[in-house]
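Now for the letters of each chain:
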Amino acid sequence: MPKCKTNCIERPLSLAFEKLGRVIGSHPCAFLLASCVTAALGTGFIFLSKLEANNIEDQFTPVNGPAKLEREIVRKHLPQSEEFSLLRLLSEGTYASLIITDVNRTNILTDKAFKDIIDLDRKVKNINVTFEKLCARRKGKCMSNPILDVLNYNSSEINSISIKYPMHDGTFMGTSLGGVDLKAKSPDITTAKAVRLFYFLNEKTKKANSEWLDGFLEFFSNYSKNTSSLQVSYLTSESRQEELEATLDSVIPLFSITYCLAISIAVFFCLRLDCVRTKVWIAVAGVLSAGMAVLVSFGLLLLCGTPFSMTVATVPFLILGIGVDDMFIMIACWQKTRVDIEVEERLAETYKEGAVSITITTLTDVLSFYIGLSTPFRSVQSFCLYASTAILFCYVFNITFFGACLALNGRREKGNKHWLTCMEVPKATGDNATGNICCVGGAYNENTGTDLETPMDLFFKKQYGPFLTKTWVKVFVCVIYSGYLAVSIYGCFQLQEGLDLKNLAADGSYVSIYYDDEDTFFSNYGPNIMLVMTDERFQYWNSSDRDHLDKCLKDFMNLSEASTDSEIAQISWLHAYKQYGKEVGLNLNNEIMFKRNLTDFMLSQYGSFYDFDQDVNFTNNQILASRMFIQTVNISTAVKEKNMLRAFRETAENCEKLPTPINLTVYHPMFIYFDQYAVIVSTTIQNVIVTTCAMLLIALLLIPNPICSAWVTFAIASVFVGVAGFMALWGVSLDSISMIILIICIGFSVDFSAHISYAFVSSKECSANDKAIDAIYNLGYPVIQGAVSTIAGVIALAAAESYIFRTFFKIMFLVILIGAVHGIAFIPVFLTFFGTCGKTSHHKHGKHKLSPDQSETGDRYDQKVATVTNQNVFSQTKTECIPQNNVRYYCAIDCRTGMRVLIALENGALSIDPDCY
């Protein structure tokens with residue numbers, strides 16, 4: 001068989017860890033002291049309040065999103081005027097808003113309802129500082145609400161005025177009235193279910209504005225939502241931000257619950273009835289090690305001035321799971337060492353296997369997070385930086401602090417001392433091993449010299465492993481996997497994109513209620529999109545150029561997202577100017593005439609009514625820029641928002657290809673948030689591909705078997721597809737929050753499969769099936785322990801009232817569950833399909849007689865091998881493997897040389913093959 005081991009890095013790394021384990025085992029107190037000194041970095045938490053970065057636009061929208069550039073273009077060419085115009089705001093503005101319905105949510109257009117609405121409007125305007133002093137103004141007057149202007153603030157007018165929809169006497173009513181029913185073939189309203197009122201403030205009076213908005217929220221938090229005639233939902237421009245920050249405070253108590261739960265689970269898994277062999281303090285040390293990693297890593301980054309996004313609040317839950325998982329791997333390796341050798345040697349053997357295994361998973365986890373730093377979302381970048389640094393420190397503390405605790409515990413065990421009192425107790429023997437579990441301890445397997453196997457270890461060794469390697473079971477596992485893959489792929493096609501802004505608030509908050517009402521009553525009309533022309537060379541007076549512009553505008557109006565109602569579909573100063581020219585007899589095809597009368601048009605009653613003076617940058621007799629608007633409709637879902645954004649930008653690009661190129665910038669303040677749709681999928685796919693390739697490289701370097709490395713990489717793709725598919729079926733969208741956790745998925749999907757694969761490759765068994773059983777026996781239970789402890793680390797988040805933290809739980813649950821199933825079911829089966837490199841040779845070389853007895857066969861032979869093994873000549877002798885030509889082969893390790901050998905029985909003679917590999 002060809003030799004295909006690739007352990008040029010794994011082998012020296014294993015030897016280095018062996019030496020490190022020996023050093024830590026000799027000087028555990030020094031490493032404990034160093035760890036405690038390092039914990040002083042936790043003082044960086046004093047800067048936490050100053051470094052909190054929770055601005056929604058800054059953290060949850062793409063850093064260099066196109067809309068931010070578009071906003072700067074508009075701001076440069078058409079700066080916001082002192083005269084307030086909602087249509088022309090470059091941001092959402094500073095405002096408060098109400099959505100009002102009657103109790104039965106039927107018809108709000110009644111005299112009684114509007115009496116209460118007008119009275120409520122008066123109360124709002126008298127909150128704290130009078131609204132009149134702070135309001136945004138147009139032509140010297142506070143911006144008012146169109147529906148109240150139509151009624152002249154007289155409720156009885158509702159019975160005499162026929163309100164038209166969506167335009168009433170030149171005023172757009174689409175944002176003021178919702179749930180509207182019209183007369184047949186008429187714009188006249190018969191009923192409306194909701195009224196929306198806005199109160200815009202002058203953005204220059206920021207401090208006073210904040211006080212007024214706080215008073216507004218306080219007023220409506222105490223306002224009965226079920227008065228005799230009205231139900232009210234409310235919102236301010238600061239509400240989303242305030243609610244987002246409030247969710248961070250709500251999750252802090254959950255961490256203490258999680259920490260206690262993690263300690264309890266760790267202690268439970270490490271508990272033994274033997275008062276010497278039980279590892280209660282080791283379990284506590286493992287959880288403490290993870291806590292120290294969070295403390296030190298966060299403190300260090302805060303000392304360095306790294307912004308702390310609210311998404312980072314999920315990192316401690318994650319690190320707790322990782323730390324406890326690594327702890328179980330180290331304990332599993334420790335329990336496979338002989339109890340009668342020195343502690344230094346036990347720890348060296350533990351590090352030789354366990355430290356390499358957790359090094360592989362740490363490298364993959366950290367690498368996946370560092371690659372996540374390339375994402376264009378600052379919330380993701382902040383999370384990845386804090387998480388990767390915390391994982392590194394978690395690894396360091398596992399190697400140093402936890403290793404030192406393991407060594408001290410080993411000294412206690414070697415002295416046969418009680419776990420609680422540290423007093424020496426009588427050694428357990430065959431007669432008293434179970435007689436008094438409180439006062440007798442130290443039992444171990446006298447055949448192997450290791451800790452007694454737990455019932456779960458025996459289950460994986462005797463029951464589960466052999467069962468999994470049966471041929472029919474392998475076929476069944478493949479069928480189950482095919483079904484899993486089919487459902488996952490189906491779910492991927494159901495995946496929705498985008499972060500709904502209401503999800504940044506806590507469940508049931510007034511913000512969520514307002515957005516629900518908005519979706520219910522005001523989804524007919526979407527944003528009014530700016531089309532900004534910034535080409536100074538465009539000749540507005542040239543009929544040919546205007547025809548090309550009309551062609552461009554027609555393309556926009558033909559979009560399915562654009563309104564077909566000619567009265568509201570388009571607002572264009574140029575079309576209005578042409579109409580004005582016809583009425584007053586102007587030749588607007590003449591440049592001089594066009595420019596000379598432009599200012600008069602802007603100041604005319606028609607131009608002033610529509611604020612067209614804000615739509616043209618007419619400076620030094622040059623039109624430097626101009627602006628038009630297209631009204632959108634039915635933009636009620638994230639998918640429609642994405643399609644609308646893409647359609648408008650593509651149409652703008654097509655306008656540049658006309659005979660007269662039209663250089664257009666499309667913009668609306670909500671585009672800042674819609675930009676996530678343009679990058680979320682491509683960024684996620686890019687991260688997955690790059691990270692998977694990096695994982696393959698790490699696996700090839702550290703797992704000494706190319707085929708097993710390929711299976712680990714396959715597991716990444718398989719788990720990722722499963723998580724993406726099932727999260728879609730669980731109602732989770734692909735947004736900046738879930739993308740963070742999908743990055744985690746890439747790293748975590750390696751963990752369980754890498755542990756099993758490394759154990760498979762490291763197994764000293766001969767056949768692939770036996771290697772799989774051995775790997776499951778050694779790490780099956782630790783994988784289960786790690787999975788349960790990690791889920792316990794995040795399960796408290798399931799009770800969080802925040803979409804962000806609840807989403808984190810859902811995806812982490814899927815990652816761990818699917819990853820664990822791959823680790824203990826799919827991957828062990830798949831690893832057996834192609835055999836294993838380094839299979840025992842069938843050729844016999846020089847034979848070394850172990851016994852002069854040439855006639856031992858059958859059971860006598862097995863007894864002979866067992867006897868020699870117990871005399872420490874050979875260890876780890878297993879069952880028969882690879883029978884060939886009546887020769888019986890057994891795998892073993894020569895304890896005198898440490899070399900793997902093949903024991904063979906041929907013609908009654910015991911012999912060894914020194915070239916087992």
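See above for the structure.
As the structure is a computational prediction, the values presented were derived from the model and not from experiment.

Some thoughts on the state of the cysteines
Following the criterion strictly, the structure yields two disulfides and no others. One disulfide in the model links cysteine 552 with cysteine 655; its S-S distance is 1.9 Å. Between cysteine 552 and cysteine 655, the S-S dihedral sits near 95 degrees, and the bridge is therefore right-handed. With cysteine 552 in helix α18 (residues 543–557) and cysteine 655 in helix α22 (residues 638–655), the pair connects residues that are 103 residues apart, well separated along the chain. Judged by its relative accessible area of 0%, cysteine 552 is buried. Sulfur of cysteine 36: no disulfide; nearest cysteine sulfur belongs to cysteine 405 and is 8.7 Å away.

Focus on a nonpolar patch on the surface
Together, Phe467, Trp472, Phe476 and Ile480 make up an exposed nonpolar region whose accessible area comes to about 450 Å². If one sorts the elements of the nonpolar patch by residue count, helix α16 (residues 471–493) sits on top with three residues. Position of tryptophan 472 among the secondary structure elements: in helix α16.

A closer look at the pairing of strand β13 (residues 616–619)
Taken together, the four bridges between β13 and strand β14 (residues 622–633) define a ladder with antiparallel strand orientation. Along β14, the bridge assignment pairs threonine 619 with glutamine 622.

What to know about the pairing of strand β15 (residues 664–667)
Here β15 shows two buried faces, one formed by Leu664 and Val666 and the other by Thr665 and Tyr667. Sheet topology places strand β11 (residues 525–533) next to β15; four bridges connect them, and they run antiparallel. In the strand pairing of β15, leucine 531 is matched with valine 666.

What to know about the environment of valine 723
By secondary structure assignment, the location of valine 723 is in helix α25 (residues 706–729). Sequence spacing of valine 723 and leucine 814 is 91 residues, and the spatial spacing of their C-alpha atoms is 5.8 Å.

Focus: the sheet that holds strand β10 (residues 230–236)
As summarised here, the arrangement of the four strands in space is β6-β9-β1-β10, forming an open sheet in which the pairing is antiparallel. The open sheet has two edge strands, β6 (177–178) and β10, and neither has a second partner. Direction of pairing for β6 relative to strand β9 (residues 194–201): antiparallel, over a ladder of two bridges. Directly across from glycine 178, in β9, lies its bridge partner alanine 194. Sitting on the sheet, helix α17 (residues 510–521) touches β1 (94–102), β6, β9 and β10, and the angle it makes with β10 is about 110 degrees.

A closer look at unusual backbone geometry
The step from tyrosine 165 to proline 166 runs through a cis peptide bond, and the omega angle for that step is 10 degrees. Relative to the helices and strands, proline 166 resides in the loop between α8 (146–150) and β4 (167–168). Backbone geometry at asparagine 152 places phi at a positive 55 degrees, although glycine is not the residue there. Counting through the fold element by element, asparagine 152 comes out in the loop between α8 and β4. Classification of asparagine 152 as exposed rests on a relative accessible area of 57%. One non-glycine residue with positive phi stands out, namely cysteine 422, at about 60 degrees. You can see cysteine 422 is positioned in the loop between α14 (378–414) and α15 (455–468).

Side note on the packing of helix α12 (residues 315–335) against α14
It is the contact of α12 with α14, at a shortest axis distance of 9 Å, that shows an interaxial angle of 35 degrees. Relative to α14, the crossing made by α12 is right-handed. Side by side, α12 and α14 meet where Val315, Leu318, Ile319, Ile322, Gly323, Asp326, Met327, Met330, Ile331 and Trp334 of the first sit next to Phe383, Tyr386, Ala387, Ala390, Ile391, Cys394, Asn398, Phe402, Leu406, Gly410 and Glu413 of the second. Grouping the constituent residues of the contact of α12 with α14 by class yields 16 nonpolar, three polar and two charged.

Thresholds, definitions, all that
- Residues numbered from 1 in each chain as written.
- Predicted model: local features only at pLDDT ≥ 70, side-chain atom pairs only at ≥ 80, totals over all residues.
- Heavy atoms only, no water.
- Disulfide = S-S within 2.5 Å.
- Helix = DSSP H or I, 4+ residues; strand = E, 2+ residues; numbered from the N terminus.
- Buried < 20%, exposed > 50% of the residue type's maximum accessible area, 1.4 Å probe, protein only.
- Patch = residues over 30% accessible without salt bridge, like charges linked within 9 Å, V, L, I, M, F, W, Y side chains within 5 Å.
- Areas by Shrake-Rupley, 256 points an atom, 1.4 Å probe, with all protein chains shown as cover.
- Salt bridge = Lys/Arg side-chain N within 4 Å of Asp/Glu carboxyl O.
- Pairing = 2+ DSSP bridges.
- Contact = heavy atoms within 4.5 Å.
- Axes fitted to C-alpha atoms, helices over the stretch in contact; angles between N-to-C directions.
- Left-handed = near helix turned anticlockwise from the far one by under 90°.
- Nonpolar A, V, L, I, M, F, W, Y, C, P; charged D, E, K, R; others polar.

Distances and angles like these do not, on their own, reveal function.
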